[in-house]
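In case you want the letters, here they are:
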Amino acid sequence: MRHRYVDPLDLVWTQCATRVGLRVVRTAEAYASTDGKGTLALAVPEALDADDCLAQMIFHELCHSLVQGPESLRWPDWGLDNLTDRDTVREHACLRLQALLARPHGLGAVLAPTTDYREFYDRLGDDPLGGDESSRLARLGAGRAGLQPWGPHLQQALSATEQIVRAATAYADAASVFGTVRPPIALHRSGFPLRATGT
């Protein structure tokens, strides 16, 4: 065997993580976890729901790191407490940032979270940064998105994902998440939407 097949979106997002400075490994011990030493452990495929994908999971974790700041790359689990409600506002900030970054590419639903917070994500209005304290934190994350170590890798991965998904959409049936892709939205030179962003 000279070559092996790799899912295109898996390739894009694992390489994005690598370029940011993270090594992605699969585990049966957790859904998503970081060790603060450069390893991002994500659940094995057998543990995922039908609407989960590696791309979405890596994107979500990178958004957590953006909200938490560059120092969080050295903290286990980005410094978040996943066992209590202590950091709910920071989870909401992560989801707001996901919507802000994904929607201009038409990927708001394709890269949507699949956890218990999906209801919050789906309720976000045209302006995902409009709201409570989580909006302020999301804005801080958005301001970091083009900076190292995330930039330009995150935006490149989103653009590559859009190209792959749009090519696949013509072959998708009604049950496929690829059928949820939306028209692209014009971006300001800053990389953010020029107008309100629907899913």
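The structure we're discussing is the one just above.
Some remarks on unusual backbone geometry
- Here the amide bond leading from Gln148 into Pro149 is cis, since omega sits at 10°, within 30 degrees of zero.
- Relative to the helices and strands, Pro149 resides in the loop between α5 (133-144) and α6 (153-169).
- With an omega dihedral of 0°, the bond running from Gly151 to Pro152 counts as a cis peptide bond.
- Summarising the element assignment, Pro152 is placed in the loop between α5 and α6.
- For Asp77, which is not glycine, the phi dihedral falls at a positive 55°.
- Locating Asp77 in the fold gives a position in the loop between α2 (54-68) and α3 (88-102).
- The class of Asp77 is partly exposed, set by a relative accessible area of 23%.

Re the packing of aromatic side chains
- Enumeration over the complete set of coordinates arrives at one aromatic pair.
- Plain terms: the ring middles of Trp13 and Phe59 are 5.6 Å apart, the flat faces sit at 55° to each other, and that makes the pair tilted. Linking Trp13 in helix α1 (residues 8-20) with Phe59 in helix α2, this pair joins segments that are 46 residues apart in sequence. The same class applies to Trp13 as to Phe59, namely buried.

Here's the deal with the side chain of Gln68
- Mapping Gln68 onto the fold places it in helix α2.
- One polar contact links the side chain of Gln68 to the main-chain carbonyl oxygen of Trp78, over a distance of 3.0 Å.
- Gln68 has contacts with Trp78, Gly79, Leu80, Arg90 and Arg144, leaving out every residue within four places of it along the chain.

Some words on α5
- The terminal C-alpha atoms of α5, which comprises twelve residues, lie 18 Å apart, in line with the 16 Å expected from a rise of 1.5 Å per residue.
- Every buried residue belonging to α5 is among Ser134, Ser135, Leu137, Ala138, Gly141, Ala142 and Arg144, and all of these are buried.

A look at the nonpolar core
- In terms of nonpolar packing, the biggest core is built from 43 residues, with Trp13, Phe59 and Leu101 touching the most fellow members.
- Those elements that provide at least two residues to this core are α1, β3 (39-43), α2, α3, α5 and α6.
- Broken down by element, the residue count for this core peaks at nine residues, all from α2.

Scoring rules and cut-offs
Residues numbered from 1 in each chain as written. Predicted model: local features only at pLDDT ≥ 70, side-chain atom pairs only at ≥ 80, totals over all residues. Heavy atoms only, no water. Helix = DSSP H or I, 4+ residues; strand = E, 2+ residues; numbered from the N terminus. Buried < 20%, exposed > 50% of the residue type's maximum accessible area, 1.4 Å probe, protein only. Phe/Tyr/Trp six-rings, centres within 6.5 Å; stacked < 30°, edge-to-face > 60°. Polar contact = N/O pair within 3.5 Å; in protein donor to acceptor, adjacent residues only side chain to side chain. Contact = heavy atoms within 4.5 Å. Expected span 1.5 Å × (residues − 1). Core = buried A, V, L, I, M, F, W, Y, C linked by side-chain atoms within 4.5 Å.

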